[in-house]
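Each chain is listed here by its residues.
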Amino acid sequence: PILEEMGYKTTSISVTVGLPPDITFHFEKTAEVSAERRQEIMEQHKDKAMLGTMVKMLVTTDEYRNKLKLGSFKFSNIDVCIGLTPGMTIQLVPEA
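Okay, so let's go over this structure. (Residues numbered from 1 in each chain as written. Predicted model: local features only at pLDDT ≥ 70, side-chain atom pairs only at ≥ 80, totals over all residues. Heavy atoms only, no water.)

### Topic: the pairing of strand E2 (residues 22–29)
So, point 1. Strand direction decides the pairing type here: strand E1 (residues 8–16) and E2, joined by 8 bridges, are antiparallel. Each residue of the ladder has a partner; that of Val15, found in E2, is Ile23.
So, point 2. Counting the residues between successive antiparallel strands, the hairpin from E1 to E2 contains 5 residues. (Pairing = 2+ DSSP bridges. Helix = DSSP H or I, 4+ residues; strand = E, 2+ residues; numbered from the N terminus.)

### Some points on the sheet that holds strand E3 (residues 73–83)
So, point 1. Pairing is antiparallel in the open sheet, where 4 strands are placed in the order E1-E2-E3-E4. Here the strands that pair on one side only, and so sit at the sheet edges, are E1 and strand E4 (87–94). The mean angle between the axes of side-by-side strands here comes to 20 degrees, regardless of whether they run parallel or antiparallel.
So, point 2. Packing against the sheet, helix H3 (residues 49–67) makes contact with E1, E2, E3 and E4, and its axis sits at approximately 155 degrees to E3. (Axes fitted to C-alpha atoms, helices over the stretch in contact; angles between N-to-C directions. Contact = heavy atoms within 4.5 Å.)

### Describing the nonpolar core
So, point 1. One finds Leu3, Tyr8, Phe27, Met54, Leu58, Ile78 and Val80 to be the most contacted residues of the largest nonpolar core, which totals 16 residues.
So, point 2. Breaking this core down by element, the ones donating at least two residues are helix H1 (2–5), E2, H3 and E3.
So, point 3. Broken down by element, this core gets its largest block of residues, 6 residues, from H3.
So, point 4. Not counting the four nearest positions on each side in its chain, Leu58 is found in contact with Leu3, Tyr8, Phe27, Ile78 and Val80. (Core = buried A, V, L, I, M, F, W, Y, C linked by side-chain atoms within 4.5 Å. Buried < 20%, exposed > 50% of the residue type's maximum accessible area, 1.4 Å probe, protein only.)

### A look at unusual backbone geometry
So, point 1. Residues Leu19 and Pro20 are joined by a peptide bond in cis, for which omega reads -5 degrees.
So, point 2. Mapped onto the fold, Pro20 is located in the loop between E1 and E2.

Rendered as structure tokens:
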């Protein structure tokens, strides 16, 4: 529910069993959320370490998404990988 408040829906979760292992959360953007509201949500849940990391990555991606323009492609999904080296993957799809 917290990530949904941030405007994202979890579409799936992938677990990689290997060295090193990692977990990838796949999100779909469902709503626009103001910077003030995002800050409020982060403040309410600042005691949850992993959630805090996930929210910070989503906020960073949200800010980057607004600057990313590649022709007729639009932002679609984001994957957040939590592991030895955390990372984000942004998926762009052609506009319909």
